Amino acid sequence: MPKLDALIITVSEESRVSQPENAYELLKQFEKHLNQEHPHQSYSIFNQSETSVYRYTLPGWGSPHIQGKKITQAEKLAAQEFAKKISLKEFQNALKIQQKVFDDLTISKSIQRNYRAILNRIIQFSQQYVVLQNESATQSQTSTAHHPLWRKGRNADMVKTTNKQWQPRFGLGCIPGDIVSDVLEQQQLELEDFGIDMLGMRATTVKLNISRIKQILGAKPYRLSVTSTVELNINTLIPFVPIRTGLRTLPIDSSLAQRLIQQEELKEQARQVAIKCQSDIKRLLRWYREERKVSPGMEQAVILVHIFVAKFLYRDETDKLQAEDYEDIPVIIMLRQLLREVMKRVNTAAPTIDIDKKWLDWPEWLRLVETLRQEATVVVYVRPNRKQPSGLRVLRGIGQSLQVFLLCSFWAFLPPDRQRTVRELEEGKTLVWKDDKWQIHLKSGDTKIDNEEEWIPIPNVKFEDGTCLYQYFHAWLHDCKALPSYAHLQWEGGLRAVFAPQHSCCFTMVDSGKPLTGDAVCNYVKRRAYRLTKKAITPHLTRSMYITYLEENGVPENVMVSTAKSMHHSRATQRKHYDKRQQSKKMQPGLDLAVQVAQSILATI
């Protein structure tokens, strides 16, 4: 195997000269192919191929029928001469022509099946030459592109972007012998309904929090607090005190004084529980820092999970008329104090990743996206040092390349939005054809900061080969023939359907047909980026790449404010989280201004 990072797709002058022009020349090339690939079976396979074409296909175009059980030499010569009249383009319809001959001759189903399979094999072999014929009018004599499915050596999944060492999983259920109680399973179901229906959280966010509950319960401090893991549930995280509902246990004829005393006792008990809970969580966070070596961001996530659980447990204890957002619940007050302490470390902590292993300058990212576009148009490939095409790419491979290019186009030709916006697009709902253009339609509440309806037009970018971005959308969603390079694919409709999606989202998992997950999108992009650039880029990082490029090139402040709005965050967030310029570059304009001021004043003295 050549020591190359990728296969090179090459269309050489010699391979163009040797291309078959008609069905007869195609069969001769197919015979050579069989002799090379199947030397021990080539004779019998090719005899069946000639029978399939000469006896059961050519008569459908007007060639004389073969009369006897065996083809005579005279009949074979006549059939060969007739085959020279059938162009490669015509031959692509051979299966329909053959079926007509089968019907006319009333051929049995078993024989039909055999010779149809052979003819289909010849047609698949022919398609590489059909594609090369069509390309010859529009492409240069030699064009190159990386083979999308080829990776050599380390891939993006193996790239370490931090110095952190791998540690074994510890979550509840990850260690042999762990028992997840029915109580916890039921609590998780109730938590999911509570988060979505009562707190208005997104389903994906709720599920993430619920998955972290099991992880946190599997931490060493909580494991040591019980004799068996079956005892672990959400009450382990947050002890419960019935601050208000506890008063219902008093007798009906209890005096006001008794009720007030009971109420104060319950409040004091809730405060003591909150103090103990605070101590337990601090010990948990210390374990995370010292043994798991986590970042402050992970500590933040752990506290947020505890707050989520506390809101669920105390949902009937808060007085919504007297307090907003659980401000009358001691344990939640304590958790928020702890969260503020952790956030100070989050804001000052040094980055835990080596950004150089994931970073491309914006022009380099655009070149990468262009390479992905070119890969998506390739339907025939050859290996290095081979002059003839090695074969057709499978439809699933072409479809995967097309989907990845389209995903990346949203983070290349528009100000990069959150990947959730892109992967959850639905045609007719959030991806709409309106006013002769594709537009992203976001309703009130679809983004974090905007509460207004938005229509975001997608630019119909023109590419050097004459195609435009909308053709790629059409080829994915509706008709693959919208792209010239797909004109001879044996598929009707958009390539999205190749993956049999079981949902209405525009983009899909390629292995299961389910909606794309955040991890899947990251992996699809990261693996291809790493193969081509050795940089493990993720969709979210494109936001920083874009903003940093704009800042470095001195884009005016009003444009930066507009860009922040289009990316659905504030200008302050843009500066804080997405401007990755080095500190010296951020300071340089101020230093330059000081020099200019000094020189202008000194010149007047």
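Quick summary incoming for the structure in this document. Note that the structure is predicted; figures quoted are calculated from it, not measured. (Residues numbered from 1 in each chain as written. Predicted model: local features only at pLDDT ≥ 70, side-chain atom pairs only at ≥ 80, totals over all residues. Heavy atoms only, no water.)

## Here's the deal with the side chain of T563
No. 1: Position of T563 relative to the elements: it lies in helix α21 (residues 557-566).
No. 2: The buried category is assigned to T563, whose relative accessible area is 7%.
No. 3: Excluding its chain neighbours within four sequence positions, the residues that come into contact with T563 are Y546, I547, L550 and Q574. (Helix = DSSP H or I, 4+ residues; strand = E, 2+ residues; numbered from the N terminus. Buried < 20%, exposed > 50% of the residue type's maximum accessible area, 1.4 Å probe, protein only. Contact = heavy atoms within 4.5 Å.)

## A word on the sheet that holds strand β5 (residues 454-457)
No. 1: With respect to topology, 3 strands assemble into an open sheet ordered β3-β4-β5, the strand pairing being antiparallel. Of all the strands in the sheet, just β3 (431-434) and β5 have a single pairing partner and so form its edges. Strand-to-strand, the axes of this sheet are offset by a mean angle of 40 degrees, without reference to chain direction.
No. 2: The pairing of strand β4 (residues 437-442) with β5 spans 4 bridges and is classified as antiparallel. Considered in β5, the bridge of H441 is made with W455.
No. 3: With respect to the sheet, helix α18 (residues 469-477) is in contact with β3 and β4, its orientation differing from that of β4 by roughly 70 degrees. (Pairing = 2+ DSSP bridges. Axes fitted to C-alpha atoms, helices over the stretch in contact; angles between N-to-C directions.)

## Some thoughts on the packing of helix α13 (residues 296-313) against helix α14 (residues 330-348)
No. 1: Across the interface, α13 lies against α14 with an axial gap of 9 Å and an inter-helix angle of 165 degrees. By the angle class used here, α13 and α14 are roughly antiparallel. The hand of the α13/α14 crossing is left-handed. Contacts between α13 and α14 involve P296, G297, E299, Q300, I303, L304, H306, I307, A310 and K311 from the former and V331, I332, L335, R336, L338, L339, V342, M343, R345 and V346 from the latter.
No. 2: Counted by class, the contact of α13 with α14 contains 13 nonpolar, 3 polar and 4 charged residues. (Parallel < 35°, antiparallel > 145°, perpendicular 65-115°, else oblique. Left-handed = near helix turned anticlockwise from the far one by under 90°. Nonpolar A, V, L, I, M, F, W, Y, C, P; charged D, E, K, R; others polar.)

## With respect to the nonpolar core
No. 1: Formed by 64 residues in total, the largest nonpolar core has its most connected members in W365, L402, L406, F410, I458, Y486 and F507.
No. 2: Every element with two or more residues in this core is listed here: α15 (362-376), α16 (395-410), β4, α18, α19 (518-533) and α20 (539-552).
No. 3: Sort the elements by how many residues they give to this core and α16 lands first, with 8 residues.
No. 4: Ranked by size, the runner-up nonpolar core spans 53 residues in total, among them I281, L284, L285 and I329. (Core = buried A, V, L, I, M, F, W, Y, C linked by side-chain atoms within 4.5 Å.)

## Topic: the pairing of β4
No. 1: When you tally the buried positions in β4, you get 5 out of 6 residues, the bulk of the element.
No. 2: The antiparallel pairing of β3 with β4 creates a hairpin that spans 2 residues between the two strands, and D435 there sits at a positive phi of about 55 degrees.

## Quick look at the packing of helix α9 (residues 203-217) against α13
No. 1: Relative orientation of the contacting elements α9 and α13 amounts to 100 degrees, with a least axis distance of 10 Å. Judged by the inter-axis angle, α9 sits roughly perpendicular to α13. Residues V206, N209, I210, R212, I213, Q215 and I216 of α9 lie in contact with α13, whose contacting residues are M298, A301, V302, V305, H306, F308 and V309.
No. 2: For the contact of α9 with α13, a count of residues per class yields 10 nonpolar, 3 polar and 1 charged.

## Some details on the pattern of salt bridges
No. 1: Counted under the stated rule, the structure contains 22 salt bridges.
No. 2: The partner of D465 in a salt bridge is R373, with the nearest N and O atoms 2.9 Å apart. In this pair, D465 sits in the loop between β5 and α18 while R373 sits in helix α15, placing the two residues 92 residues apart along the sequence.
No. 3: One connected set of salt bridges, linked through shared partners, spans E551, E557, R571 and R575. (Salt bridge = Lys/Arg side-chain N within 4 Å of Asp/Glu carboxyl O.)

## As for unusual backbone geometry
No. 1: With a phi close to 60 degrees, D436 is a non-glycine residue in the positive phi region.
No. 2: Within the secondary structure, D436 sits in the loop between β3 and β4.
No. 3: Positive phi is not limited to glycine here, since A500 has a value of about 50 degrees.
No. 4: On the secondary structure map, A500 appears in the loop between α18 and α19.

## So, α19
No. 1: With 16 residues, α19 ought to run about 22 Å at 1.5 Å a step, and its terminal C-alpha atoms sit 22 Å apart, in line with that.
No. 2: Taken residue by residue, α19 has G518, A520, V521, Y524, V525, R528, A529, Y530 and R531 as its buried positions.
No. 3: Where α19 is buried, its residues meet α15, α16, α17 (419-423) and α20.
No. 4: Just downstream of α19 lies K534, where phi reads positive at about 65 degrees. (Expected span 1.5 Å × (residues − 1).)

## A short note on the packing of aromatic side chains
No. 1: Overall, the coordinates contain 22 aromatic pairs when judged by the stated rule.
No. 2: Taken together, the aromatic side chains of F410, W433, W438, Y470, F473, W476, F499 and F507 make up a single cluster linked through ring pairs.
No. 3: Here the basic side chain of R315 rests over the ring of F312, its NZ or CZ set 4.1 Å away from the ring centre. (Phe/Tyr/Trp six-rings, centres within 6.5 Å; stacked < 30°, edge-to-face > 60°. Lys NZ or Arg CZ within 6 Å of the ring centre and 35° of its normal.)

## Re the environment of F405
No. 1: As for its placement among the helices and strands, F405 is situated in helix α16.
No. 2: In this structure, the C-alpha to C-alpha distance between F405 and V525, residues 120 residues apart in sequence, is 8.9 Å.
No. 3: When neighbours within four sequence positions are excluded, F405 is seen to be in contact with V369, L372, R373, F413, F463, L469 and Y472.

## Structural notes on the pairing of β3
No. 1: Taken together, the 4 bridges between β3 and β4 define a ladder with antiparallel strand orientation. If you follow W433 over to β4, its bridge partner there is W438.

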